[in-house]
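Secondary and tertiary structure notes
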Amino acid sequence: MSFKLTVGKCAIATKDLYTNEAIMAFNLKEGYKINPDFLYYYLSNYNWIGANKAVMGITLNKATISQQTISYPSLAEQQSIVSELDKINELISLKKAQLSDLDTLAQSIFYEMFGDPIENEKGWEVKKLSDVSTLLNGRAYKQDELLSEGKYKVLRVGNFFTNSNFYYSNLELEENKYCDYGDLLFAWSASFGAFIWNGEKVVYHYHIWKVLYDDTFLNKIYYCYLLNTMTNSFMKDLHGIGMMHLTKIGMEQYILPLPPLPLQQSFARKIEAIKQQKTQITATIKDLETLLASRMQYWFD
């Protein structure tokens, strides 16, 4: 179990391994009839950061943790509880695997319809990115300009990848520093990739480009997949030492394959159908996670 930073995260080791000082191992003593999987669920549900718990800042106190008491039913009932929770977790894992399979399917459809965009073995018409696109930078913010609440969310690169928390801004900026629902964006520093923004109007950070494009040549969904498919190639041109990044001038020189627009639109319809399936599966995962939390609370609170 982790007892620093990501406090309370639990896992069962499936093989011998070494851990660092931020992870605490629980070794079951002989004579106590506790199912390891039951203990895993029990500890996963435990409110380590709640009132009167063993917390010092964001680090759990090992000595105090050792004094915590645990109540547990018979082995048979423990196994019954574990079986119920395992089944819900298995369903969640299955649905997440389906999401992954749909992502793989979408990428396979792209390659089947258009081939490798770098090799362009199908001989599509090509143009430089700068001929069919304009890359607009967001705004660079000072730390004291990033607020805990305000009129506009500030969209940063991390919000695409790992961080669901937003800063805010009350600044009124020129219109090209905002992005709206449906805008095509590209993260070009530290983490990389194209995204179609599906949220409310926000201001976007300097490390994101808003991609304006000529829709007589490009369908937005095709273009998003094209940029993501080409990202590995973009990564060969990274600059910087601490924070690696792409340059706007370098990005604009890339050659893009431009299949006929009706073919791009056909691809987009296939992706929209996959997206609908993903939306349904995501809703099911949310429902299952709610059910799991409810059952965990029932058994362990």
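For the structure itself, consult the block above.
Residues numbered from 1 in each chain as written. Predicted model: local features only at pLDDT ≥ 70, side-chain atom pairs only at ≥ 80, totals over all residues. Heavy atoms only, no water.

Observations concerning the packing of aromatic side chains
Stated precisely, the cut-off is as follows: For Phe, Tyr and Trp, rings pair up if their centres lie within 6.5 Å, where Trp contributes its six-membered ring, and each pair is then called stacked (planes under 30 degrees apart), edge-to-face (over 60) or tilted (otherwise). The way it works is that DSSP assigns letters per residue, a run of H or I at least four long becomes a helix, a run of E at least two long becomes a strand, and they are numbered from the N terminus. A simple rule labels every residue: compare its accessible area, found with a 1.4 Å probe on the protein chains alone, to the largest value its type can have, and call it buried under 20%, exposed over 50%, or partly exposed in between. Cation placement over rings: the criterion is NZ of Lys or CZ of Arg within 6 Å of the ring centroid and within 35° of the ring normal.
Applying the stated criterion across every chain yields a total of 21 aromatic pairs. Aromatic pair Phe186 and Phe234: ring centres 6.0 Å apart, planes at 70°, arrangement edge-to-face. You can see Phe186 sitting in strand β8 (residues 184-189) and its partner Phe234 sitting in helix α6 (residues 220-234), a full 48 residues away along the chain. The same class applies to Phe186 and to Phe234, which are both buried. Judged by centre distance (5.5 Å) and plane angle (75°), the rings of Trp188 and Tyr206 are edge-to-face. Of the two residues, Trp188 sits in strand β8 while Tyr206 sits in the loop between β10 (202-204) and β11 (208-213), which places them 18 residues apart along the sequence. Residue Trp188 is classed as buried on the basis of its relative accessible area of 7%. Each member of the aromatic cluster is reached from another via a ring pair, and the members are Phe110, Tyr111, Phe114, Tyr222, Tyr225 and Phe267. The side chain of Lys201 reaches across the aromatic face of Tyr178, ending 4.5 Å from its centre.

Comments concerning the pattern of salt bridges
As a reminder of what qualifies: Whenever a carboxyl oxygen of Asp or Glu lies within 4 Å of a side-chain nitrogen of Lys or Arg, that contact is scored as a salt bridge.
Tallied over the entire structure, the rule returns 8 salt bridges. Here Glu289 and Lys96 are joined by a salt bridge, their closest N and O atoms 3.8 Å apart. With Glu289 in helix α8 (residues 261-300) and Lys96 in helix α3 (residues 75-114), this pair connects stretches of sequence that are 193 residues apart. Look at Glu289 and you get partly exposed, because its relative accessible area is 37%. Note on Lys96: relative accessible area 44%, which makes it partly exposed. Of the charged contacts in the structure, one is a salt bridge between Glu175 and Lys201, with a shortest N-O distance of 3.7 Å. Of the two residues, Glu175 is situated in the loop between β6 (167-169) and β7 (178-179) and Lys201 in the loop between β9 (191-196) and β10; the sequence distance between them amounts to 26 residues. The exposed category is assigned to Glu175, whose relative accessible area is 51%.

Looking at the packing of α3 against α8
Worth spelling out the cut-off: For every element, the axis is a line fit to its C-alpha atoms; helices are fit only across the contacting stretch, and the angle between N-to-C directions ranges from 0 to 180 degrees. Geometric relationships in this document are graded by angle, where less than 35 degrees denotes roughly parallel, more than 145 denotes roughly antiparallel, 65 to 115 denotes roughly perpendicular, and other angles denote oblique. As a working rule, the residues Ala, Val, Leu, Ile, Met, Phe, Trp, Tyr, Cys and Pro are called nonpolar, Asp, Glu, Lys and Arg charged, and the rest polar, with Gly in that last group.
As a packed pair, α3 and α8 sit with axes 10 Å apart at the nearest point and diverge in direction by 170°. On the basis of their axis angle, the class for α3 and α8 is roughly antiparallel. Residue composition of the contact of α3 with α8, by class: 25 nonpolar, 7 polar and 9 charged.

Digging into the side chain of Asn159
Worth spelling out the cut-off: N or O atoms closer than or at 3.5 Å make up a polar contact, with two conditions inside protein: a donor-capable atom paired with an acceptor-capable one, and, for residues adjacent in sequence, both atoms drawn from side chains. Any pair of residues with heavy atoms lying within 4.5 Å of one another is described as a contacting pair.
Within the secondary structure layout, Asn159 lies in helix α5 (residues 157-161). Look at Asn159 and you get buried, because its relative accessible area is 16%. Within the structure, Asn159 has its side chain in polar contact with the backbone nitrogen of Arg156 (distance 2.8 Å). Of the polar contacts made by the side chain of Asn159, one reaches the backbone oxygen of Asn163; its length is 2.9 Å. If we skip the residues at most four places from it in the chain, Asn159 touches Val154, Ser164, Asn165 and Phe166.

With respect to the layout of surface pockets
Rolling a probe over the atoms, with the probe sized like a water molecule, indicates the empty space that remains. The test is simple: Computed over the protein atoms alone on a 1 Å grid, cavities are sets of points where a 1.4 Å probe fits but cannot get out and pockets are open sets with protein on both sides within 12 Å along at least five of seven lines; a residue lines them when it has an atom within 4 Å of a point. Grid points are joined across faces, edges and corners, and a volume is the space filled by probe spheres set on the points.
Looking at the largest pocket, its volume works out to about 990 Å³. Forming the walls of the largest pocket are 27 residues, and the residues nearest its centre are Phe195, Ile196, Cys224, Lys275 and Lys278. Looking at the lining of the largest pocket, the elements with two or more residues in it are α3, α5, β9, α6 and α8. The element contributing the most residues to the lining of the largest pocket is α8, with 7 residues.

Points about the sheet that holds β6
What counts here: Should DSSP find at least two bridges between two strands, the strands are taken to pair.
As summarised here, the arrangement of the 4 strands in space is β6-β5-β10-β7, forming an open sheet in which the pairing is mixed. If you trace the sheet from one side to the other, it starts and ends with β6 and β7, each paired once. Relative to β10, strand β5 (residues 152-155) runs parallel, the two being bridged by 2 bridges. Bridge pairing links Val154 to Val203 in β10.

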